[in-house]
Structures are given as structure tokens and as C-alpha cells.
Amino acid sequence: VAATGQSLKGGQVLHKLLTNAGWQVVGNSDWAGDLGNGQGTVWAEFGDIDSEGHTRGWKLAKETERLLDEVALHVLQLLDAGWESVQIVTDHGWLLVPGGLPKIELLSVLAENKWGRCAAVKAGATVKERLYPWYWNPSQQFALADGISCFRAGIEYAHGGLSLQECLTLQLTVTPAAAAASAQPVTITDIRWKRQRCTIVIAGSSAEQSEALRADLRTKPGSADSSIAVNPKPFNSSGVVSLVVEEEDLAGEAAVVVVLDAAGQPLAQAHTIVGGEPHHGA
């Protein structure tokens, strides 16, 4: 990147560099058929949380549980695809305060640029805020807002300061438990509807393992509260189960078939339409 000066914005250059370095790059929109081959190293991206925060403000909080459930499900899918471990990283944290972060004054005439939590101070200008050098250019001085304050009014979501929430980023490494590692991977091979009854077939599990698995129909795959089935039910020894959607108003609506292990953790998923046409090869 330094040699070419190309921007990493948009991710295309980054993905090319990763591919040239021998990494597999998988998509972040529909991972069902794009999980790599389980060999070497893989790069996977998820979500657009930062843009959502800047656009929606406090409403991001309403989506947090769903986003975390989807991250967890994608990690399980990568492990099921044969990857030995998944490391979860992010570049920064953030502050979120409904109604807006407290504002402090910084005159525009003193700053070259002014963002929410930081500002580039003009050469020779004197400000009461503390100044810090920039890692990439120590001669450039930045003013950082104290505490969780902000240089602009009405901002509910912001980052770029020195709070613990913004600066502490966890690096999580997830590996399969011994039982999960020894279990055979499960694949949804058939979904058939007869009016409001859905028959689901799985493959790849032993008869004993199949009977320990359950199926559910959900609008959000990682959320048990979004179930639309009368009951999640166990598969029989042949890997078949039948679920009923009682609410007729849901006919034609999108749903997700989810296969759950004995602990209730998702192992596989496939999209479907309530009452829809047969769906093969999920």
C-alpha cells in the first residue's frame, strides 16, 4: 500500500493484497456457499456496524443483540467448514449516548477540521483542550475532547477519543469444543412445504447424532425469540423432521431453517419461503 499509494477504502485493494498473499477471501453478504476450503488462512468480513452507528445513532442499540447473534452464527459456520480457529478483530470501539454526547466549545477559527471527538488544530493556535501528536505525523497536533464530550452538538454515536470504550478492542479466538470437533458436519439437503407444514432433511450426521439435533424456523437465524414454528422439534434417526407454522398470515414471508445442536447452538441454516416451493441443495 505504501509503495502504490492506493486507498484501502471500499476494501477492493485490501482483498487483492490478501489474495496475492495466499489468503482466501469470503463474502460478507451470503456465506451459505462461500466459506473457503478450510486450508491455510481465510479473511471474512461482517456487517457495517460503524456506518449504521453514524447514520442511525441510538437506534444501533436496538440491533446489537441481532448483530452479535449473526456474528456467532458465522463463526460456527466457518468452524463447520473446516477452519481450525476463528479470530475476531475490530479496529475501534465507540460511544453511544441517546440524546447526544455532551458538547464542549472549540471555535472553528482555531481548527483546520473538527470532528466529533477530535479536531486538527491550526498551526500557532492556542486552545484550552489537551493536544496530542498523531502517530503517522508527530508534527500534527490534535485536540481530543475530554471524557465522553464532543466538539459538535447532537451526536449520539462517535469515536476517535481516548475513552476506554473507544480504545480497548478485544481480540477473540474461537476454537471448536472437543465434542463439536469430533461431530460430523451437518448439511440441510431438502426443504419441502405442504401448505403451512415444512419438512426438513439433513445429511452428514449419524443416526445417533441426528436424534440429538433439532430444527427451528426463524426470521432471525441467531435469535430463538424470532421462531415462527409451533415448536422446535428433534430430527428422527433418518435426519428428517416436520415443523408447522400456525400463523397463516406468514405465508409467502421469508424465513430461515436453523439446525440446532443439543445445547441450542446453530449448526446450519438455509433460507426459505413459508409455504414456498421445494428448496434443494441448501
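Quick caveat: nothing in here was measured; it's all calculated off a predicted structure.

## Quick look at the packing of aromatic side chains
Okay, so step 1: Counted by the stated rule, this structure contains 6 aromatic pairs.
Okay, so step 2: Between Trp94 and Tyr157 the ring centres are 5.4 Å apart and the planes differ by 40°, which places this aromatic pair in the tilted class. With Trp94 in the loop between strand E3 (86-88) and strand E4 (95-96) and Tyr157 in strand E9 (residues 157-158), this pair connects stretches of sequence that are 63 residues apart.
Okay, so step 3: Here the aromatic residues Trp115, Trp134, Tyr135, Trp136 and Phe142 are joined through ring pairs into a cluster of three or more.

## Some words on the nonpolar core
Okay, so step 1: Grouped together as the largest cluster of nonpolar side chains are 23 residues, with contacts concentrated most on Ile188, Ile200, Leu217, Phe235 and Val259.
Okay, so step 2: When contributions to this core are tallied by element, the ones reaching two or more residues are strand E11 (187-194), strand E12 (197-203), strand E13 (214-218), strand E15 (240-244), strand E16 (254-260) and strand E17 (266-273).
Okay, so step 3: Not counting chain neighbours up to four residues away, the residues in contact with Ile200 comprise Ile188, Asp190, Ala215, Phe235, Gly239, Val240, Val241, Leu243 and Val257.

## As for the pattern of salt bridges
Okay, so step 1: For the structure shown, the criterion picks out 9 salt bridges.
Okay, so step 2: In this structure, the salt-bridge partner of Glu105 is Lys103, at a minimum N-O distance of 2.8 Å.
Okay, so step 3: Arg192 serves as the salt-bridge partner of Asp190, at 2.8 Å between the closest nitrogen and oxygen.
Okay, so step 4: For Arg192, a relative accessible area of 41% gives the class partly exposed.
Okay, so step 5: It is possible to trace a salt-bridge network through shared partners that takes in Glu52, Arg56, Glu63, Arg66 and Glu70.

## Some words on the state of the cysteines
The term disulfide refers to a covalent linkage connecting the sulfur atoms of a pair of cysteines.
Okay, so step 1: Applying the stated rule across the entire model yields 0 disulfides.
Okay, so step 2: Sulfur of Cys150: no disulfide; nearest cysteine sulfur belongs to Cys118 and is 9.5 Å away.
Okay, so step 3: The thiol of Cys167 is unpaired, and the distance to the nearest cysteine sulfur, on Cys118, comes to 11 Å.
Okay, so step 4: By relative accessible area, Cys167 is classed as partly exposed at 44%.

About the cut-offs
- Residues numbered from 1 in each chain as written.
- Predicted model: local features only at pLDDT ≥ 70, side-chain atom pairs only at ≥ 80, totals over all residues.
- Heavy atoms only, no water.
- Phe/Tyr/Trp six-rings, centres within 6.5 Å; stacked < 30°, edge-to-face > 60°.
- Helix = DSSP H or I, 4+ residues; strand = E, 2+ residues; numbered from the N terminus.
- Core = buried A, V, L, I, M, F, W, Y, C linked by side-chain atoms within 4.5 Å.
- Buried < 20%, exposed > 50% of the residue type's maximum accessible area, 1.4 Å probe, protein only.
- Contact = heavy atoms within 4.5 Å.
- Salt bridge = Lys/Arg side-chain N within 4 Å of Asp/Glu carboxyl O.
- Disulfide = S-S within 2.5 Å.

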